[in-house]
Amino acid sequence: MSETPHRDDLGARFGMWLFLFTELLLFGGLFILYAVYLARHPEAFARAGKELSLPFGTVNTVVLLTSSLLVALSVSALQRGSRRLCLWLLAGTILSAALFMVNKYFEWSAKIHHGIYPGSPEMAGRETGEGVFFSLYYVTTGLHGVHVVVGALLLGWVFVLVKNGRVDSGNHVLLENAALYWHLVDLIWIFIFPLYYLIL
Amino acid sequence: MTPTPDTLSQSGDRGFLDPAVAAPGLFGWIFSTDHKRIGLLYLYSVTAFFIVGVLLGLLIRLELIAPGETIVGAQTYNALFTLHGVVMIFLFIIPGIPGAFGNLVLPIQIGAGDVAFPRLNLLSWWLYAVGALLALGSLFSGGGPPDTGWTFYVPFSVQTTTNVSLAVFAVFLIGFSSILTGLNFITTIHRLRAPGMGWGRLPLFIWSLYSTAWVQILATPILGITLVIVLLERLLGTGLFDPARGGDPIMFQHLFWIYSHPAVYIMVLPAMGVVSDIIPVFSRKPAFGYWAIAFSGIAIAAAGSLVWGHHMFTSGMSDMAVLVFSLLTFIVAIPSAVKVFNWVATLYKGAISLDPPMLFALTFVFLFAVGGLSGLILGSAGTDVHVHDTHFVVGHFHYVMFGGTGMAFFAAMHYWLPKFYGRMYNKRIATFAWALMFVGFNVLYFTMKLVGLKGMPRRYYDYVSEFHTLNLISTVGSWVLGLGLLILFVNLFRGLMRGEPAGPNPWGGASLEWTVPSPPPVENFPEPPRVTHGPYDFREAGIL
Amino acid sequence: MPHPETPHIVGYGTFIAVWVLLLALTAGTVAVSKIELGVLHVWAALAIASVKSALVIAFFMHMKYETRLFRVCLFATLATLAIFIGFTFFDVLYR
Amino acid sequence: MNPLVAPTTAAIDPVFLFIFGVSAVMLLGITATMIIFVVRYNRSRHPHPTSQTRSNIPLEIAWTVIPTLLVLAMFYYGWAGYLALRNVPEGAMEVRVTGRMWSWTFEYPEGVTAERLYVPAGRPVRVEIHATDVLHSFYIPAFRVKRDAVPGMATYVWFTAPEPGSYDIFCAEYCGVGHAAMITTVEALPPEEFEAWLAKAQGGRPDGIELLKRYGCLGCHSLDGTPGAGPTFQGIAGRQVAVVTGGKERQVTADRAYLRRSIEEPQVDLVKGFPPIMPPYQGQIPPAELEAILDALEGKGVKAQSPDGAALAREKGCLGCHSTDGSPRVGPSFKGIFGRKVTLLRQGAEETLAIDESYLERAIREPQADLVKGYPPVMPPYAELSAEELRALLDYMRAL
Ligand code: HEA
Ligand code: HEA
Ligand code: CUA
Ligand SMILES: [Cu+2]
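Caption draft 1: Looking closely at the overall build of chain A. If you tally the helices and strands in chain A, you get seven helices and zero strands. Walking chain A from its N terminus toward its C terminus, one meets helices and strands in the order α-α-α-α-α-α-α. Its C-alpha atoms put chain A at 60 × 30 × 30 Å along the principal axes. Split into buried and exposed, the 200 residues of chain A put 63% on the buried side. For chain A, contacts bridging at least 24 residues in sequence account for 82% of all contacts bridging at least 6. Summing over all exposed atoms, chain A offers an accessible surface of approximately 7,000 Å²; the carbon and sulfur share of this is 68%. With 13 positive and 13 negative side-chain charges, chain A shows a separation of 7 Å between the mean positions of the two kinds.

Take a look at the structure:
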């Protein structure tokens, strides 16, 4: 494949940021809906929000924040030339991602087990605002979950590249970009957490 | 696969088109990361879909030639205009100028070897191609061709049993492709300008692509998420737009138009860029009000993101929102007016030649003005109530989209394709085709506005008899337009394949693309150019 | 023309300090959610979330060390999103 | 202003004229300038540009400011026009319209329903718009009014028909295969004719017993002789009643005049043995309904007729897709439908059967279950039809 002759790390990071902007607006669409429906059914949202498991949410917040720290550290580590440390930190990040998804799995299955999912007989009997809340909850956390998986795959790929030396202390923009993507996943969760788990 | 300087010199005057510079056969195209080859890929696919859309338009007009069922029944008609709209909007006009001409000329105009992310660029085309095939596939699979209109309004789009899900998914992919193109262009413009290519020396086409790209990046994701929700509504019944379950169907319209209004500026801004580039060249005069044109593009992009509600004046939205969106809609018309005045002023005391590109560019100005001024009727709340969802709106958007962007697309074809094929078409035949199209166009679409004023709703396959005469005239106009189009394409095709050699600078342009051979070599410039004058400094470029 | 750049390397200590701060803020939001604040509550939660995300963006995502262009673009994006949400409320609040 | 133009039209048309006028001037100006420049400075006549001017700030300001003022004026007139469409005059008559796939139904407060919008000419009408399934849009071109019908939400338009006549109503929001057939009319009648129409439409239509229930009469008065807070209605007409009128006791025969007075002004004659608690209904019950109630009390109350299949087929929009003359349209024709052989797609497999009642019932109530080969799967389900309505529809099809 023909590549541009020079390397432009700043350009690559800038491109990644632009991509993150589109991701922000992708979730932005859901936040618009959230805002509107919260304004319309405040009580129902508060009631339904209480049913989400605060421990699960808090643990997952801590897991994601920590993973964000690990991947940020891994960038610094690679820049300083400590490849082994970088690999360990990356492994830690991916492990956190897995942990997050396992948590999410249990959380979702508990909800579904209680008959809380779109179109369930249980939801049919409740006030409509609660149904909207849970539908939004599933769509938002579902989309976020997809991003967690994609981010983890991306980090896994970069892990391999770091391991076989294709990404190193002199050429680390791929790692930086993967890390940026991962931070975005964290960033979105920072808003999901209070809006869904801590509401009123 | 990187061409060595060696293979280049052998490739001679066929430049990037030489089969020797790429993988053999089709693969040399569909896997090439050369921005020019990707540009041509876009050109071919976009033109192909334009022809598909045009044939669908012809069928629509035939059905409307008389009241009652003429050639197709209601259900087929609904599929026809849905497809016509989806193909024209998502497969032709949105990717059209940026995908084809943006890719072809953007890197050369700023003195770069390629875009910032060539492989991502190829991925954009692939997403577009797969999305387009899926969209066509929705015709032949599942519950039959989608019948929602290109606007996919809920609750109908959630309830209908036709193949909406696949079509929606296809549009999602194409949206993603559009985002990647925008991202690529912004980065390229920021990072890859040649030495001396300051912001003030960017051709206005680049400025327009730049403002377009921001709209693509910031608005398209909203369409993406909206379509995902429609899919989930259909597949899982999430109920987010279902009033019976606490949702609100009007929220769909907000989300849809938050994208789709800015999208009309994605369609027209690059077209304005083309025109801003062509008029100075054929007048031998610098663009009048360079900065006014450049910044009004940004202003359109910015203000255009604030007016989406004007599609919803009768939707049941609050009157307060009607007030705000109507006011802002009028504000967004001002930068367009500024552009028009600057274009006209550029002509003043020039040395004007009416070669086909110029003819199409000036036609753009006229037809866009007609369409844009009818947009003012739509932006005014009181009058929009009457003409909303009538053929007046259909007339409006064909004037701005076909008369505007479509004509600019033809202008760009006649302006830049000789550069990329190295051959010239027959200018007299092109002028003749233009004349037919100009007449046909106005007969076709002006009558549509009239019949809309009389109250004929859109998306009607059958209508009351008082609308008959105007519809008949309109259909006849479509034949004249179609004939002109046919001649235009045949003439271009013949010229580009077998015409006279065009030479590097057939029109006397002063921007960078005219300094390289036609067709340009793979790496565009043997060594990075130093830019010493602006894109319209004809004197400094030695043209005058 | 892009110049070869020397990356700005952020120290481990900075990152860890930011992380501690983030955890503290998380504890903060959970605590605040227990207090009765009514509607203010959503705003309080959003304010804390904004501070947290500012920290993540500035340090973890190196925004503090990038050129001004990055910040301008980020601002434009956030402003756009804010407008999309805000303008929708011209309908929702007055219907 | 011309009295024969609807007020809404009179509010909007000048705005059209204003914007068109400004636009025409601008367009002609720009086009003429363009043409003059192209001719005057054509390269054949003017081979070298005589100016290389790049900008002119005063000009730029002028052509920013002037359009701004023009569009602000347009905005203002447009908004004023819009307000005229939104502010309903006092005393407007109320009609409720419901859009469904693919027909409109109008309901009057008097309990009358109709497929056309009958209105008295010259009187403002406020139409409250509802939808049952998807979006529709209620559009009367002649009066320049339009508003979407949104499920789960009430919207409205108002208009005054200036003179008797018939005006088109279209559905302007795309709603599926019958969208173009979702047409009806405003029938503006002279006021007296309108009253007559209303009375006729009510003629027997409002079921007196139904009305007694609706107005809450049956809370105190029984129909079967059981005593309540008020005298029973059973055999009330012609009964001898002891009443206290102005403090004096007397015997009266419960004739129509007496009954009417007891409903409108119950405090005039108080029936002995019952507490004087009945509220007066004067002015609360429209005359036609009052007559229906009196008819019912007198025992000749006309029961609502069994539903009319032909009317139903029209009202529910069936005829938008199904013909009555054997020609296939969007859906199979109704004519000769009984016994016809159809090929169905059931869970992907084809199956042929002869059409009978049970099949038709299913095809109407849950059309997605069996798809008829050769027709698009677009029919909406009509699960809400009552058994009698369904029967009437089937009888109507059989009789075609
Ligand atoms: C290329 C695409 C394009 C462009 C550029 C525009 C440009 C504009 N559009 Fe258009 N529009 C569409 C494509 C486009 N539109 C489509 C596709 C739809 C229908 C969607 C659907 O429902 O399917 C639509 C529908 C639409 C509506 C909704 C109608 C309805 O459904 O009821 C409205 C309402 O305000 C509107 C307004 C405008 C305005 C004010 C402009 C302005 O930007 C125009 C500005 C231009 C000028 C004003 C002319 C040039 C200036 C002069 C000649 C100088 C003199 C000027 C002044 C004095 C001001 N458009
Ligand atoms: C760029 C966008 C674009 C373009 C170029 C066109 C081009 C055309 N459109 Fe387009 N149209 C849309 C975008 C576009 N359209 C959109 C977005 C909608 C809304 C869809 C919706 O409601 O969801 C729409 C809807 C729409 C309608 C409204 C349908 C309805 O609401 O009921 C009609 C009706 O006439 C129509 C007609 C045409 C015609 C006749 C052409 C002409 O281009 C066609 C000219 C060509 C021909 C007439 C045939 C070609 C002929 C030859 C090649 C050979 C010569 C032939 C002869 C001599 C016969 N279009
Ligand atoms: Cu109902 Cu269109
Ligand atoms: Cu718009």
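There is more to say, and it comes next.
Caption draft 2: Region of interest: the overall build of chain B. Of the regular secondary structure elements, chain B holds 16 helices and two strands. Taken over C-alpha atoms, the radius of gyration comes to 23 Å for chain B, in line with the 24 Å a tight globule of 544 residues would show. Referenced to the eigenvectors of the C-alpha coordinate spread, the extents of chain B come out at roughly 70 × 50 × 45 Å. When contacts within chain B are restricted to residue pairs at least 6 apart in sequence, those whose partners lie at least 24 apart make up 81%. Accessible surface, chain B as shown: approximately 15,000 Å² in total, 70% of it carbon and sulfur. Mean positive and mean negative side-chain charge positions of chain B (26 and 24 charges, respectively) differ by 8 Å.

Caption draft 3: Quick peek at the site of ligand 2. All names here are of chain B. As a structural note, the neighbourhood of ligand 2 is formed by 32 residues, with R61, Y77, H84, H398 and R459 the closest of them. Between W150 and ligand 2, the recorded distance is 2.8 Å, taken from a backbone N or O atom to an oxygen atom. Within the contact set of ligand 2, a nitrogen atom lies 2.7 Å away from a side-chain nitrogen or oxygen of H398. Those elements giving two or more residues to the shell around ligand 2 turn out to be α3 (35–63), α4 (74–109), α14 (391–421), α15 (427–453) and α16 (468–498). The element that contributes the greatest number of residues to the shell around ligand 2 is α4, accounting for eight residues. Of the residues contributing to the shell around ligand 2, the split by class is 22 nonpolar, seven polar and three charged.

Caption draft 4: Layout of the interface of chain B and chain C. With 23 residues of chain B at the interface, the matching set in chain C holds 15 residues. Summed over the shared surface of chain B and chain C, the result is one salt bridge. If you look at where chain B meets chain C, you find four residue pairs in polar contact (both at pLDDT 80 or more). Mapped onto the side of chain B that touches chain C, the elements with two or more residues apiece are α7 (164–191), α8 (204–236), α9 (249–283) and α11 (319–347) of chain B. Sort the elements by how many residues they give to the side of chain B that touches chain C and α11 of chain B lands first, with five residues. Residue classes in the side of chain B that touches chain C are distributed as 15 nonpolar, five polar and three charged.

Caption draft 5: Up close: the coordination of the iron atom of ligand 1. Coordination of the iron atom of ligand 1 by the protein comes from a single atom, H396 of chain B (NE2), at 2.2 Å. Separation of the iron atom of ligand 1 from the copper ion (ligand 4) amounts to 4.5 Å.

Caption draft 6: Looking closely at empty space enclosed by the protein. Residues and elements named next belong to chain B. Here the structure, examined in full by the defined rule, presents six cavities of 30 Å³ or more. Approximately 110 Å³ is the volume found for the largest cavity. I94, P95, I174, S177 and S178 are the residues nearest the centre of the largest cavity, which is lined by 15 residues in total. Contributions of two or more residues to the lining of the largest cavity are made by α4, α7 and α8. Here the lining of the largest cavity is composed, by residue class, of eight nonpolar, seven polar and no charged.

Caption draft 7: Structural view of the environment of V95 of chain D. Residue and element names in this part refer to chain D. Looking at the secondary structure, you find V95 in strand β1 (residues 93–100). Given a relative accessible area of 1%, V95 falls into the buried group. In sequence terms V95 and E128 are 33 residues apart; their C-alpha atoms lie 6.2 Å from each other. Excluding residues within four positions of it along the chain, V95 makes contact with F106, E107, Y108, L117, V125, R126, V127 and E128.

Caption draft 8: Quick look at the nonpolar core. Ranked by size, the top nonpolar core spans 384 residues in total, and within it F101, F364 and F410 of chain B together with Y108, L117 and F138 of chain D carry the most contacts. Excluding residues that lie within four positions of it along the chain, F364 of chain B makes contacts with V268, A271, M272, V275, W343, A369, G403, G404, T405, M407 and A408 of chain B.

Caption draft 9: Structural view of the site of ligand 1. Residues in close proximity to ligand 1 total 34 residues, the closest being Y265, D384, H388, H396 and R458 of chain B. At 2.7 Å, a side-chain N or O of Y265 of chain B approaches an oxygen atom of ligand 1. The separation between an oxygen atom of ligand 1 and a polar main-chain atom of G379 of chain B is 3.1 Å. Residue assignment for the shell around ligand 1 shows that the elements contributing at least two residues are α9, α11, α12 (356–379) and α14 of chain B together with α1 (7–40) and α2 (57–86) of chain D.

Caption draft 10: Broad picture of the side chain of T98 of chain D. All names here are of chain D. With respect to the helices and strands, the residue T98 is situated in strand β1. A relative accessible area of 13% means that T98 is categorised as buried. When sequence neighbours within four positions are dropped, the list of residues in contact with T98 reads S103, W104, T105, E107, H130 and T132.

Caption draft 11: Representation of the sheet that holds strand β2 (residues 103–107) of chain D in the model. Judged by pairing direction, the sheet is mixed, and its five strands sit side by side in the order β3-β2-β1-β5-β8 (chain D) without closing on themselves. The open sheet terminates on both sides in strands that have one partner only, identified here as β3 (113–114) and β8 (155–160) of chain D.

Calculation rules
- Residues numbered from 1 in each chain as written.
- Chains lettered and ligands numbered in written order.
- Predicted model: local features only at pLDDT ≥ 70, side-chain atom pairs only at ≥ 80, totals over all residues.
- Heavy atoms only, no water.
- Helix = DSSP H or I, 4+ residues; strand = E, 2+ residues; numbered from the N terminus.
- Buried < 20%, exposed > 50% of the residue type's maximum accessible area, 1.4 Å probe, protein only.
- Contact = heavy atoms within 4.5 Å.
- Areas by Shrake-Rupley, 256 points an atom, 1.4 Å probe, with all protein chains shown as cover.
- Lys, Arg positive; Asp, Glu negative; His and termini not counted.
- Charge placed at Lys NZ, Arg CZ, Asp CG, Glu CD.
- Rg over C-alpha atoms; globule rule 2.2 N^0.38 Å.
- Near = heavy atom within 4 Å.
- Polar contact = N/O pair within 3.5 Å; in protein donor to acceptor, adjacent residues only side chain to side chain.
- Nonpolar A, V, L, I, M, F, W, Y, C, P; charged D, E, K, R; others polar.
- Salt bridge = Lys/Arg side-chain N within 4 Å of Asp/Glu carboxyl O.
- Donors = N, O, S within 2.8 Å, 3.2 Å for Na, K, Ca; no water.
- 1 Å grid on protein atoms, 1.4 Å probe; cavity = no way out; pocket = protein on both sides within 12 Å on 5 of 7 lines; lining within 4 Å.
- Points joined across faces, edges and corners; volume = space filled by probe spheres on them.
- Core = buried A, V, L, I, M, F, W, Y, C linked by side-chain atoms within 4.5 Å.
- Pairing = 2+ DSSP bridges.

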